[in-house]
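Each chain, written out:
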Amino acid sequence: MDYDLDRFDSRRSSVHATGGMVATSQPLAAQAGLSILQDGGNAFDAAVATAAALNVVEPTSTGLGGDVFALYRTADGDVGAMRACGGAPAEATIENVSASIRDHGNAADWYPEARGYAVDDASDEDALEMPFLGPHAVTVPGTARGWEATVEELGRKSLADVLEPAITYATEGYPVSEVISYYWQGGPRLFTDDHAREAYLFDDEAPDPGQVVTLERLGESMQRIAEEGADVVYEGEIAEAIAEEIQSQGGFMTVDDLAAFEPEFLDPVSTTYNGTEVYELPPNNQGLIALEALNIAEEIGAGEHDYDSPERIHAFAEAMKLAFVDGHHYITDPEYETVPPLASKAYARERASAIGDSPIQDPEVGVPTKAAEDADTVLLTVGDAEGNLVSYINSRFAGFGSGLVAGDTGIALQNRGASFSLDPDHPNSLEPGKRPFHTLVPAIAKFDEDDWAAFGVMGGYMQPQGHVQLISNLVDYGMGAQEALDAPRWRYREEGTLGVEERLPNQTGLVRKGHDVRILPPSLFGGAQLVRRTGDVLTGATEPRKDGQAVGF
């Protein structure tokens, strides 16, 4: 079945409720979270239930083999964050990984040019890059212990309770939605591994929209986690299957690497933008990029221009460009390198002086990995009647991740390690135990004492750009929730172009200013979700470019 996911003309409205609200990119997953709220769970229980359901109904973007992050405001008024992402294996040194790549060369299944990896001369050390797929791209997955920590520390239901809807979808079946079917079509090209093909293809094909599928192996693994807890993924039989899969392909992951992982609760980073406080995750995530861009945009008055004017987009895009230059150079695991205070107002004033009426030419953006620019994942936002709000992100990085599935577990393993550099002098260089630069950034905004929102915009390096545009739409231009998500978007590209949606007005004005404007399909402009709580009323909005739904009661 042919389906053009970039053709849509549906109208959506903001959803309002008082009992609870879930917004995410797949309707069945939204219903899973809503059912937990209606059964007495709070926003954190519902977030895990929704994330687990997305692992099943949107397996093209998320899963147990990836990482999970949260930014939240509790009913008591505390703002906090959770980070559950693992690092590189203990034996994954630059020397060991480089030697493995040289030994395999371009002839190995995991390293052909068609898979985003190329080396002109396998004997030339300078030519080596981290592979985008395969065993060396796999870092320790944080999802299972992240889910468990969320419900144990912040929820009130058991992990088994919140996994139940996902297990039911996996074992009893569900019909595949349209956008997800479109992305699933890449599976047959990706899966050279038999375990992956057996777990996620049906008669060796990806499913069509509306086709009912079951993911029995994944359902069995989730059932084991429900019965035995997350430790089975890190110290038990699932851990052994993960380590065996990676080592059989030439990687270095061990059960000891998995067992050593623990999620962490930490303080967010924040700034104010025109009176609104915006909270993001600190490094190793790219939240500082969004905060720096907001600070620069505020300094130059980007949000004071008419909404449809080319001057508005020029100002915001130039602020974004400078923030990318800094963030892509400095952001890494703070336990290995010091990250400068990129979110400071004083630093933004210095950087803003570089912005004029013409585009900054040839900035050294230096993306961690080019193949991640358009990577996609899932985001969900939840609010409950008590006042808890959470923005929750679960991802394997790019689609089905590394292309590896751990044995008979149905767990597809992430490729987040592709963001490492094999240059020992780069801040984001590969080191044992180190966590890579992470694109995932959930967010919280405080508009007033009794007016907060959980939000995010998924899609590789679109994420901080989406945060900036969404916040500006709400703060500078007074848009409603769904209107702010529906508005046409732009994005600065690594090669120096300015991508825009076709419906964005005054594109010729941007060209006259000197921008290299390219019209891109809507699917490349991210996947936003938002739940806002104003007084006792919850308002939800969902990305019109996805299959998603905002539901409340």
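Structure: above.
Residues numbered from 1 in each chain as written. Predicted model: local features only at pLDDT ≥ 70, side-chain atom pairs only at ≥ 80, totals over all residues. Heavy atoms only, no water.

S.K.: What is the right way to look at the overall build of the protein chain in this model?
M.R.: Counting secondary structure elements, the protein chain contains 18 helices and 19 strands. In summary, the protein chain has a C-alpha radius of gyration of 22 Å against a globular reference of 24 Å for 553 residues, a match within 12%. The C-alpha extent of the protein chain, read off along each of the three principal axes, is 60 × 55 × 45 Å. A buried classification covers 64% of the 553 residues belonging to the protein chain. Across the protein chain, the fraction of contacts at a sequence separation of at least 24, relative to all contacts at a separation of at least 6, is 73%. Accessible surface, the protein chain as shown: approximately 19100 Å² in total, 42% of it carbon and sulfur. The positive charge centre, built from 36 side chains, and the negative charge centre, built from 92, are 7 Å apart in the protein chain. (Helix = DSSP H or I, 4+ residues; strand = E, 2+ residues; numbered from the N terminus. Rg over C-alpha atoms; globule rule 2.2 N^0.38 Å. Buried < 20%, exposed > 50% of the residue type's maximum accessible area, 1.4 Å probe, protein only. Contact = heavy atoms within 4.5 Å. Areas by Shrake-Rupley, 256 points an atom, 1.4 Å probe, with all protein chains shown as cover. Lys, Arg positive; Asp, Glu negative; His and termini not counted. Charge placed at Lys NZ, Arg CZ, Asp CG, Glu CD.)

S.K.: Sorry if this is basic, but what is going on with the packing of aromatic side chains here?
M.R.: Any two aromatic rings considered together are summarised by their centre-to-centre distance and by the angle between their planes. Tallying each qualifying case throughout the model produces ten aromatic pairs. A ring pair is formed by F44 and Y72, whose centres lie 5.4 Å apart and whose planes are at 90°; its orientation type is edge-to-face. You can see F44 sitting in helix α2 (residues 43-57) and its partner Y72 sitting in strand β3 (residues 67-73), a full 28 residues away along the chain. The residues F44 and Y72 share a single accessibility class, namely buried. An aromatic cluster is built from W184, Y200, F202 and F400, whose rings are joined through pairwise contacts. Lying across the ring of Y307, R312 places its NZ or CZ 3.8 Å from the centre. A cation sits over an aromatic face here: R532 above F447, 3.8 Å from the ring centre. (Phe/Tyr/Trp six-rings, centres within 6.5 Å; stacked < 30°, edge-to-face > 60°. Lys NZ or Arg CZ within 6 Å of the ring centre and 35° of its normal.)

S.K.: Could you clarify how one ought to interpret the sheet that holds strand β11 (residues 389-395) in this entry?
M.R.: Backbone-to-backbone hydrogen bonds pair the strands of a sheet. The strands run either parallel or antiparallel. Strands sit in the order β7-β4-β3-β11-β10-β2-β19 across an open sheet of seven strands; the sheet is antiparallel. A strand with exactly one partner marks an edge of an open sheet, and here the two such strands are β7 (264-266) and β19 (549-552). Each neighbouring strand pair of the sheet contributes to a mean axis angle of 15°, computed without reference to strand direction. Here helix α1 (residues 27-38) sits on the sheet and contacts β2 (20-24), β10 (378-384) and β19; the angle it forms with β2, its principal contact strand, is near 160°. (Pairing = 2+ DSSP bridges. Axes fitted to C-alpha atoms, helices over the stretch in contact; angles between N-to-C directions.)

S.K.: I'm lost on the pairing of β11 in this one. Help?
M.R.: For a regular strand, the rule is simple: side chains alternate between the two faces of the sheet. The buried count for β11 comes to seven of seven residues, which makes it a mostly enclosed element. Here β11 shows no split at all, with L389, S391, I393 and S395 on one side and V390, Y392 and N394 on the other all buried. Bridging between β3 and β11 involves seven bridges; their strand directions are antiparallel. Pairing of V68 across the sheet is with N394, part of β11. As paired elements, β10 and β11 share six bridges and run antiparallel to each other. By the bridge assignment for β11, L380 is matched with Y392. With antiparallel pairing between neighbouring strands as the criterion, β10 and β11 make up a hairpin whose turn holds four residues, including G387 at a positive phi of roughly 115°.

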